[in-house]
Amino acid sequence: MGTPVNIIVGSHVWVEDPDVAWIDGQVLKITGNDAEIEKTNGKKVTANLSKIYPKDMEAPAGGVDDMTKLSYLHEPGVLQNLKTRYELNEIYTYTGNILIAINPFQRLPHLYDGHMMQQYKGAPLGELSPHVFAVADVAYRAMINEGKSNSILVSGESGAGKTETTKMLMRYLAFLGGRAAKTEGRTVEQQVLESNPVLEAFGNAKTVRNNNSR
Ligand SMILES: Nc1ncnc2c1ncn2[C@@H]1O[C@H](COP(=O)(O)OP(=O)(O)OP(=O)(O)O)[C@@H](O)[C@H]1O
């Protein structure tokens, strides 16, 4: 993937591992196309040079909020960055203007409160920390400015968090657009959000990864 990088004796690299997907280590010896690597768990392994990837030793300790800032855009580099951020409860990361969300499997209420929504209102993408509200804000503004419908694509495997993400997108869009008008004493925001259980009932079946089949 990407430009070939010189791997020499002493290079810090990523090598595939059956238990943890990728593990880092240092090249001890190169013989032909094979490199002998001492992994950080102390074990040694031999791998083909085409299967190992350079590790960025200068990567910031807390990761980067946009993966286009990574020195190496290979799989272990991307996964390492997401893992580093996830451990700090930073579940959102950009890759350019695409947002990657990792399921936190715990409530993070501070991420979605009214204060947060207020902050993201009108803020250019990339100015604040990566967030689903930022994506909604850009989509909403493009719709208003261009006078055309807009869509937001939410994809991921079962249990990845698409339904939760969509709920947050709807909440934010309702917050932007539907606060003033009222029908039968309820705001558009309330009404849109109340439609969630109905949509869920039609769209969701229980799967092995996810039981929200309400
Ligand atoms: N941003 C989040 N904050 C807190 N919990 C979350 C978040 N995203 C997902 N979860 C948790 O993960 C569970 C599964 O997420 P969700 O239902 O959104 O997945 P999905 O991608 O829609 O799955 P499926 O394709 O099976 O419908 C949720 O019920 C919730 O407990």
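This one's a predicted model, so the numbers in the text were calculated from it and none came from an experiment.

Parameters at a glance
- Residues numbered from 1 in each chain as written.
- Predicted model: local features only at pLDDT ≥ 70, side-chain atom pairs only at ≥ 80, totals over all residues.
- UniProt positions renumbered as here; feature names shortened; annotations may be inferred.
- Helix = DSSP H or I, 4+ residues; strand = E, 2+ residues; numbered from the N terminus.
- Buried ≥ 20, exposed ≤ 12 C-beta atoms within 10 Å, placed from the backbone.
- Axes fitted to C-alpha atoms, helices over the stretch in contact; angles between N-to-C directions.
- Parallel < 35°, antiparallel > 145°, perpendicular 65-115°, else oblique.
- Left-handed = near helix turned anticlockwise from the far one by under 90°.
- Contact = placed C-beta atoms within 7 Å.
- Nonpolar A, V, L, I, M, F, W, Y, C, P; charged D, E, K, R; others polar.
- Core = buried A, V, L, I, M, F, W, Y, C linked by C-beta atoms within 7 Å.

Description of the UniProt feature "binding site: ATP" (unreviewed entry) in the protein
So, step 1. Here, UniProt's "binding site: ATP" (unreviewed entry) annotation points to Gly156, Glu157, Ser158, Gly159, Ala160, Gly161, Lys162 and Thr163.
So, step 2. Looking at the secondary structure, you find Ala160 in the loop between helix 3 (132-146) and helix 4 (162-177).
So, step 3. The partly exposed category is assigned to Ala160, around which 16 C-beta atoms lie within 10 Å.

Remarks on the packing of helix 3 against helix 4
So, step 1. In contact at an axis separation of 9 Å, helix 3 and helix 4 are set at 50 degrees when each is read in the N-to-C sense. If you check the angle between helix 3 and helix 4, you find them oblique. In this structure, the crossing between helix 3 and helix 4 has a hand that is right-handed. Side by side, helix 3 and helix 4 meet where Val132, Phe133, Ala136 and Tyr140 of the first sit next to Thr165, Met168, Leu169, Tyr172, Leu173 and Leu176 of the second.
So, step 2. Within the contact of helix 3 with helix 4, the residues separate by chemical class into 9 nonpolar, 1 polar and no charged.

Describing the nonpolar core
When a protein is soluble and globular, its nonpolar side chains tend to lie buried together.
So, step 1. The biggest cluster of nonpolar side chains holds 11 residues, and these are Ile91, Ala101, Tyr120, Val132, Phe133, Ala134, Val135, Ala136, Met168, Tyr172 and Phe175.
So, step 2. At the level of elements, helix 3 and helix 4 are the ones that each hand at least two residues to this core.
So, step 3. The element contributing the most residues to this core is helix 3, with 5 residues.
So, step 4. Once you skip the residues sitting within four places of it in the chain, Met168 turns out to touch Tyr112 and Val132.
So, step 5. Of all hydrophobic cores here, the second largest spans 8 residues; its members include Val15, Ala35, Ile37 and Ile52.

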